[in-house]
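Coordinate inspection notes
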Amino acid sequence: MTWHLLHTLALFWMMVGIGAVVVPVWKAWATKDLDARALLLQEAQRSEVQWLIPGMLATLFTGVAWVSSDESTYNFVRTGWLAALEIVFAIDGFIFLPLMGVGLRRVRLLALQAKHQGRMTEELDEALRDNVPVVFGTLLTLSIPVMVWLAIYQPI
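Since the structure is predicted, the reported quantities are computational estimates derived from the model, not experimental observations. (Residues numbered from 1 in each chain as written. Predicted model: local features only at pLDDT ≥ 70, side-chain atom pairs only at ≥ 80, totals over all residues. Heavy atoms only, no water.)

A tally of helices and strands in the protein yields 5 helices and 0 strands. Each helix and strand of the protein, placed in order from N terminus to C terminus, yields the pattern α-α-α-α-α. Reported as C-alpha extents along the three principal axes, the dimensions of the protein are approximately 60 × 25 × 20 Å. Buried positions account for 40% of the 156 residues belonging to the protein. Considering only intrachain contacts with a sequence separation of at least 6, the fraction spanning at least 24 residues in the protein is 76%. For the protein, the computed accessible surface area is about 8,900 Å², with 68% contributed by carbon and sulfur atoms. (Helix = DSSP H or I, 4+ residues; strand = E, 2+ residues; numbered from the N terminus. Buried < 20%, exposed > 50% of the residue type's maximum accessible area, 1.4 Å probe, protein only. Contact = heavy atoms within 4.5 Å. Areas by Shrake-Rupley, 256 points an atom, 1.4 Å probe, with all protein chains shown as cover.)

So, about the confidence of the model for the protein. Residue-level pLDDT values for the protein average 91, and 98% of them are 70 or greater. When the elements of the protein are averaged for pLDDT, helix 4 (residues 122-130) gives the smallest value, 88, and helix 1 (residues 2-30) the largest, 95. (pLDDT = per-residue confidence, 0-100.)

The next thing to look at is the layout of surface pockets. Space inside the largest pocket adds up to approximately 860 Å³. Lining the largest pocket are 33 residues, and of these His-7, Leu-11, Thr-59, Leu-85 and Phe-89 lie nearest its centre. Elements supplying a minimum of two residues to the lining of the largest pocket: helix 1, helix 2 (34-68), helix 3 (80-117) and helix 5 (132-153). In the lining of the largest pocket, the residues fall into 25 nonpolar, 7 polar and 1 charged. (1 Å grid on protein atoms, 1.4 Å probe; cavity = no way out; pocket = protein on both sides within 12 Å on 5 of 7 lines; lining within 4 Å. Points joined across faces, edges and corners; volume = space filled by probe spheres on them. Nonpolar A, V, L, I, M, F, W, Y, C, P; charged D, E, K, R; others polar.)

If you want it as structure tokens, here you go:
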């Protein structure tokens, strides 16, 4: 019961992190105001480090501890829905999150440089057209309903 509760709390932590990162990224892409864009990207970058990454790590460790505990009846390998859930979480943690983070750091730095210069730079415009943080942040967000569906309905 303790690991289950801790894992549920870690899931909420991870969800807050996703919202705290992805929503400012979406807002930054929607606005044309350079100051607002730089501020939103700084907030997203800070939230990634303070909320999203620790939330994902806490979710990973509490989930493994819960499934490994004596009170759990699940098996990592033989439970198909759990294996599928692990695969989706691994894609999130090893592909979507790092690519979003790298793109976010790049565009944040370029936005700060453009703010310092007082005008939109060509490098920032190019980075904004790449949409890397938006795409991978959206994919990360869209993977959550898939993981919820797998955990609730246990189809496999």
